[in-house]
Amino acid sequence: MPHSPRHEHPPPPPGILAEVHAFLRGLGAPSYRYQQLVTAFQRGAQSFDEVRDLPGDLRQLLVSRFGLTVLPLEIESVRTGAQVEKVLFRTRSGARVETVLSRYRAGWSSVCVSTQAGCGLACSFCATGALGLERNLSVDEICAQVVHRRWSSEPGGAPKSVAFMGMGEALANPNVLTALSVLTAKDHGGLSPRRITVSTVGLAPALATLTETHPQVTLTLSVHSPFPEQRAQLIPLERRFPLEENLAILDRHVRRARRKTYLAYLLIEGVNDSEDHLEALAKLVHQRSRPELFHVSVIRYNAAFGADPSFRAPASSKVDDFVARLHRLGIGATRRQQFGADIDAACGQLRAESMGRLRQRGPSGDPH
Ligand code: SF4
């Protein structure tokens, strides 16, 4: 008798899990074996041998077909600071990517994942941009950063929230959309889309697609300057997809999805911290379709590898003051909590150091 569609699991995501699924089917294994495997990897298993729910002969067959593990990342180096851990992973192809785990006092953790090895968008304030693009990460490489044993076998389990704010422009990599589906699918990542944040410097066509396909995911658009000419110097992509085009997409999105959306503002001493900048930024928000659904997230710049050497970090009190003045202008704003200044937790730095290509100048903020 055919199974009712209600009892069918959704198809596995493209990538290595699809291959494992097909292999198990080819062997005639019952479909729950695949789910046992996925559950074990979610709980921190790294190799087929550790998936004790599977019969020994099946584990053997999987090892002989795929090797000991399907997880495509090996740890190359780790830097640990108060509440934060930064890991440099090496992929099977030898690419190096960084992942940052932040542990919150409330007992849960959040992981910031990379989506590309390097980045081709050359933002002038960013360590990763200075490296150039090596390649897009695969779905497996993105998801493996979330479920890696390093954190998924901790008492609290795998991270409860994920930020696509690491190395690379997330929306420049089409695999990110599939990774979002995997991470939010009940049978795979099981994460609430509301606990996932995707950050972009404004790749408008891909942003529009994302708002259609994953409307509940939290979005952060990097603004960094309300003035087009200056923004183009900071974010060259402004010349192809102006801020206004991206904001128009977000206007439609917040009306439909009724989700709060974030505008990131990287505060750089003497560059974008003037009264004119503040007022123009506030005006930009007031002009939105639903201004109350836009929230400005102010980030303190820190000198980074490869960034414009003339850029300086503002005093911490200036960042607080900028936020307070936005409040006085009626704008929802907070200062982004930045863990890890003690370990250079900005994405791109550990890799840059490992390559020895760029000279260290000090700790950096998150480039997005
Ligand atoms: S800020 Fe983001 S988009 Fe810009 S160069 Fe850095 S990684 Fe790429």
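Residues numbered from 1 in each chain as written. Predicted model: local features only at pLDDT ≥ 70, side-chain atom pairs only at ≥ 80, totals over all residues.

Enquirer: Before we go on, may I ask you to explain the overall build of the chain in this structure?
Expert: Along its length, the chain carries 12 helices and 12 strands. For the chain, the proportion of its 368 residues judged to be buried stands at 47%. In the chain, the share of contacts with a sequence separation of at least 24, taken over all contacts with a separation of at least 6, comes to 66%. (Helix = DSSP H or I, 4+ residues; strand = E, 2+ residues; numbered from the N terminus. Buried ≥ 20, exposed ≤ 12 C-beta atoms within 10 Å, placed from the backbone. Contact = placed C-beta atoms within 7 Å.)

Enquirer: Help me understand the sheet that holds strand β3 (residues 96-103) in this model?
Expert: Sheet strands line up and pair through hydrogen bonds in the backbone, either parallel or antiparallel. Strand order in the open sheet formed by 10 strands is β1-β2-β3-β4-β7-β8-β9-β10-β11-β12, and the pairing between neighbours is mixed. Each end of this open sheet is capped by a strand with a single partner; those strands are β1 (73-81) and β12 (333-335). In this sheet, neighbouring strand axes are inclined to one another by 20° on average, regardless of whether the strands run parallel or antiparallel. With 4 bridges joining them, strand β8 (residues 196-200) and strand β9 (residues 218-222) adopt parallel strand pairing. Residue pairing for β9: V198 is matched across the bridge by L219. Strands β1, β2 (84-91), β3, β4 (109-112) and β7 (161-164) of the sheet are contacted by helix α4 (residues 139-147), whose axis makes an angle of about 45° with β1. (Pairing = 2+ DSSP bridges. Axes fitted to C-alpha atoms, helices over the stretch in contact; angles between N-to-C directions.)

Enquirer: How should the packing of helix α7 (residues 204-213) against helix α9 (residues 243-257) be read in this particular structure?
Expert: To characterise two packed helices, one gives the angle between the axes of the helices and the distance between these axes. Relative to each other, α7 and α9 sit at 5°, their axes nearing to 9 Å. Taken as axis vectors, α7 and α9 run roughly parallel relative to one another. From α7, A204, L207, A208 and T211 reach across to α9, where they touch E245, N246, I249 and H253. (Parallel < 35°, antiparallel > 145°, perpendicular 65-115°, else oblique.)

Enquirer: Even after reading the chapter, I still don't get helix α6 (residues 175-184), so can you show me in this structure?
Expert: Since the α-helix packs 3.6 residues into each turn, any two residues three or four apart lie on the same face. Summarising burial for α6: 7 of the 10 residues are buried, a large majority. Where α6 is concerned, the buried positions are N175, V176, A179, L180, V182, L183 and T184. Where the residues of α6 are buried, they touch β6 (133-136), α4, β7 and β8.

Enquirer: I keep staring at the site of the ligand and nothing clicks. Help me out?
Expert: By nearness alone, 13 residues border the ligand, and C119, C123, C126, G129 and E169 come closest of all. Along the lines of polarity and charge, the residues of the shell around the ligand split into 8 nonpolar, 4 polar and 1 charged. (Near = placed C-beta within 6 Å. Nonpolar A, V, L, I, M, F, W, Y, C, P; charged D, E, K, R; others polar.)

Enquirer: Teacher, can you tell me more about the packing of α4 against α6 here?
Expert: Close contact between α4 and α6 brings their axes to 9 Å; oriented N to C, the two are set at 45°. Viewed along their axes, α4 and α6 adopt a mutual orientation that is oblique. Relative to α6, α4 is oriented so that their crossing is right-handed. Mapping the contact onto sequence places V139, I142, C143 and V146 in α4 and N175, V176, T178, A179, V182 and L183 in α6. When the residues that make up the contact of α4 with α6 are grouped by side-chain class, the tally is 8 nonpolar, 2 polar and no charged. (Left-handed = near helix turned anticlockwise from the far one by under 90°.)

Enquirer: So what exactly am I meant to see when it comes to the environment of L210 here?
Expert: Along the chain, L210 turns up in helix α7. Since 22 C-beta atoms lie within 10 Å of it, L210 is described here as buried. As for L210 and L177, which are separated by 33 residues in sequence, their C-alpha atoms are 7.3 Å apart. Setting aside residues up to four positions removed in sequence, L210 forms contacts with L171, L177, V198 and V217.

Enquirer: Got a minute to help me understand the confidence of the model for the chain in this structure?
Expert: For residues with low pLDDT, the predicted coordinates do not support detailed interpretation. Of the residues in the chain, 88% have a pLDDT of 70 or more, and the chain-wide mean is 86. Element-level pLDDT for the chain is lowest in helix α12 (residues 349-355), with a mean of 54, against a maximum mean of 98 in helix α10 (residues 275-286). Across residues 1-7, where pLDDT falls below 50, the model places 1 contact with residues more than four positions away in sequence or in other chains. Below pLDDT 50 for its whole length, residues 356-366 participates in 32 contacts with residues either more than four positions away or in separate chains. (pLDDT = per-residue confidence, 0-100.)

Enquirer: So what exactly am I meant to see when it comes to the pairing of β2 here?
Expert: Two faces make up the sheet, and in a regular strand the side chains alternate between them. Judged from the 8 bridges that link them, β1 and β2 form a sheet pairing that is antiparallel. Bridge assignment links T80 to a residue of β2, and that residue is E85. From the end of β1 to the start of β2, which pair antiparallel, there are 2 residues, and Q83 there has a positive phi angle of about 65°. Across 7 bridges, β2 lies against β3 in antiparallel orientation.

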